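Breakdown of the fold
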Amino acid sequence: MILAIETSCDETSVAVTKGRRVITNIISSQVDLHRKYGGVVPAIAKRAHEERIEPAIKEALKKSRISTKEIKTIAVTVGPGLAIALEVGIKKAKELSLALKKPLIAVNHMEGHIYSCFAQNRNGNPKRKIAFPALCILVSGGHTQLVIMKNHGQYKLLGETRDDAAGEALDKAAKILKLGYPGGPVIERLAQKGNPNKYPMPRPLFYSKTLDYSFSGLKTHFLYLVQEIPPKKVGVELKNLAASFQEAVFDSIIKKTQVALQRYHPPSLLAGGGVIANKLLRRKVRSLVSKYGAAPYFPPKDELCTDNAAMIGVCAYFMIKSGKITTNLIKLDRKPNLCFQNG
Ligand code: KG4
Ligand code: ZN
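Residues numbered from 1 in each chain as written. Chains lettered and ligands numbered in written order. Predicted model: local features only at pLDDT ≥ 70, side-chain atom pairs only at ≥ 80, totals over all residues. Heavy atoms only, no water.

Turning our attention to the pairing of strand β6 (residues 134–139). For a regular strand, side-chain orientation follows a simple rule: the groups alternate between the two sheet faces. Counting buried positions over the six residues of β6 gives six, a clear majority of the element. Side chains Ala134, Cys136 and Leu138 project from β6 onto one buried face, and the interleaved Leu135, Ile137 and Val139 project onto a second face that is buried too. By the bridge criterion, six bridges tie β6 to strand β7 (residues 144–151) in an arrangement that is antiparallel. Pairing of Leu138 across the sheet is with Gln145, part of β7. (Buried < 20%, exposed > 50% of the residue type's maximum accessible area, 1.4 Å probe, protein only. Helix = DSSP H or I, 4+ residues; strand = E, 2+ residues; numbered from the N terminus. Pairing = 2+ DSSP bridges.)

Topologically, Asp307 is positioned in the loop between β10 (295–297) and α10 (310–321). Here the side chain of Asp307 touches His109 through a polar contact of 3.1 Å, side chain to side chain. Those residues in contact with Asp307, other than ones at most four positions away along the chain, are Glu6, Ser8, Cys9, Glu11, Ile27, His109 and His113. (Polar contact = N/O pair within 3.5 Å; in protein donor to acceptor, adjacent residues only side chain to side chain. Contact = heavy atoms within 4.5 Å.)

In the first shell of the zinc ion (ligand 2), the protein supplies His109 (NE2), His113 (NE2) and Asp307 (OD), at 2.0 to 2.1 Å from the metal. Of note is the zinc ion (ligand 2), whose four donor atoms meet at the metal with angles of 94 to 143 degrees in an arrangement that counts as irregular. Here the donor residues for the zinc ion (ligand 2) map to a single chain with the spacing H-x3-H-x193-D. Of the two residues, His113 is situated in helix α4 (residues 109–115) and Asp307 in the loop between β10 and α10; the sequence distance between them amounts to 194 residues. Residue His113 shares its accessibility class with Asp307, and that shared class is buried. (Donors = N, O, S within 2.8 Å, 3.2 Å for Na, K, Ca; no water. Tetrahedral: all angles 85-135°; square planar, octahedral: opposite > 155°, others 65-115°.)

This part is about the site of ligand 1. Neighbouring ligand 1 are 21 residues; Gly141, Gly142, Asp171, Gly184 and Glu188 lie closest to it. One nitrogen or oxygen atom from the main chain of Gly274 is found 3.0 Å from an oxygen atom belonging to ligand 1. About the coverage of ligand 1: the protein hides 90% of its 560 Å² of free accessible area. Of all the secondary structure elements, the ones that give two or more residues to the shell around ligand 1 are α4, α5 (166–176) and α6 (183–191). (Near = heavy atom within 4 Å. Areas by Shrake-Rupley, 256 points an atom, 1.4 Å probe, with all protein chains shown as cover.)

We now examine the sheet that holds strand β1 (residues 2–6). Strand order in the open sheet formed by five strands is β3-β2-β1-β4-β5, and the pairing between neighbours is mixed. Each edge of the open sheet is held by one strand with a lone partner, namely β3 (21–29) and β5 (104–108). Neighbouring strand axes in the sheet, compared pairwise and without regard to direction, differ in orientation by 20 degrees on average. Strand direction decides the pairing type here: β1 and strand β2 (residues 11–18), joined by five bridges, are antiparallel. (Axes fitted to C-alpha atoms, helices over the stretch in contact; angles between N-to-C directions.)

As a further point, take the environment of Lys198. Mapped onto the elements, Lys198 comes out in the loop between α6 and α7 (216–228). Not counting residues within four places of it along the chain, the set of residues in contact with Lys198 comprises Glu237, Asn240 and Ser244. Side-chain polar atoms of Lys198 contact the side chain of Glu237, separated by 2.9 Å.

Here the structure, examined in full by the defined rule, presents eight aromatic pairs. Taken together, a centroid distance of 5.0 Å and an interplanar angle of 70 degrees make the contact between Tyr317 and Phe318 edge-to-face. In this structure an aromatic cluster arises from ring pairing among Tyr115, Phe118, Tyr317 and Phe318. (Phe/Tyr/Trp six-rings, centres within 6.5 Å; stacked < 30°, edge-to-face > 60°.)

Closest axis-to-axis distance for the α6/helix α8 (residues 231–264) pair is 8 Å, and the angle between their directions is 115 degrees. The orientation of α6 relative to α8 falls into the category roughly perpendicular. Here α6 runs over α8; the crossing is left-handed. Contact residues: α6 offers Ile187, Glu188, Leu190 and Ala191, while α8 offers Lys239, Ala242, Ala243 and Gln246. Of the residues that constitute the contact of α6 with α8, the class distribution is five nonpolar, one polar and two charged. (Parallel < 35°, antiparallel > 145°, perpendicular 65-115°, else oblique. Left-handed = near helix turned anticlockwise from the far one by under 90°. Nonpolar A, V, L, I, M, F, W, Y, C, P; charged D, E, K, R; others polar.)

Take the pattern of salt bridges next. In total, this model carries 16 salt bridges according to the counting rule given. As a salt-bridge pair, Glu237 and Lys198 come within 2.9 Å of each other at their nearest N and O atoms. Here the residue Glu237 occupies a position in helix α8, and Lys198 occupies one in the loop between α6 and α7, the gap between them amounting to 39 residues. One salt bridge in this structure joins Asp302 and Arg282, with 3.9 Å as the shortest N-O distance. Linking Asp302 in the loop between β10 and α10 with Arg282 in helix α9 (residues 279–292), this pair joins segments that are 20 residues apart in sequence. By sharing partners, the salt bridges in this structure join Glu54, Lys91, Lys92 and Glu95 into a single network. (Salt bridge = Lys/Arg side-chain N within 4 Å of Asp/Glu carboxyl O.)

This part covers the sheet that holds strand β8 (residues 154–160). The strand order β8-β7-β6-β9-β10 describes an open sheet built from five strands, whose pairing is mixed. Of all strands in the sheet, those with a lone pairing partner are β8 and β10, marking the two edges. Neighbour-to-neighbour, the strand axes of the sheet open up by a mean angle of 20 degrees, direction not taken into account. Alignment of strand β9 (residues 268–272) against β10, held across three bridges, turns out to be parallel. Considered in β10, the bridge of Leu269 is made with Pro296. Along the sheet, α8 contacts β6, β7, β8 and β9; its crossing angle with β6, the most-contacted strand, is approximately 165 degrees.

Dropping the structure here:
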């Protein structure tokens, strides 16, 4: 039984997990606090985490109908993420670990996003037996990465964004169109009824051999395009603009995923991160992997795509199995720029 804490960005989340099973996953979203700023404000996130962490722990225990005595391990996100936000979760996790005399597991947030594909409900479903190596596509507001997972805990980073993350690009496009924050879900809704070919968009690094991404040129192109359209017409064209922008982002993701599938021939593909909640992107990924004989896996619930503590708990379970337990609590610190350790 693991109590997991996640405070790397703007979600205060506490989960109770048992093996791969998610018993409870409490997510207190701060979206309403950050909306008027059009993005996450670190100082506001820190304060909100401090206010919400204790109630979230209490709620997670209550909903799980367990006492603190039944908790065997504490898990916490140590990075990557916003330093002052990570700190809140780490401090609380250390306190709990000392008070309950239970070991602490320091989890990489991006590894957590991968393990969201391993999560099960409290009845142990879905029963997935994932074959390695797995190609992992991680598409969130802070990261866009392609990783090969050779086995549990063994990764090789193949490529990542050189500037903005895909979710960040969608958020910025929504801001340019004055659609509010976060942008991904609004863009998705509008794009459903738009023509993705109406406005041609650049696709940086598309034909390059690299598995890296770049989205900042696309964003700048979009800003200039929208500035040239008369304001009244922008309203009429919202659906086409959203669809064209989204298509360019997804084309880049699909293209690099295809190159990786051709190079590595993995039997499985794991997709994680907030943008993976997008239905069109999932359809595109499914259709792509079917051509390469790889089995696609997505987080079994939308709330496991965006930031949550359940994925941290599930990841911690697999880390315990390979003996990765933090013994020196004093030395445990936030790692805002934590990367995958190639191994
Ligand atoms: O994984 P996540 O919760 O946070 C980070 O670790 O960054 O991802 C948040 C990102 C935001 O950029 C948001 O706009 C995007 O995920 N997102 C979506 C959808 N839902 C959330 N993007 C596209 N379609 C969605 N349905
Ligand atoms: Zn995330």
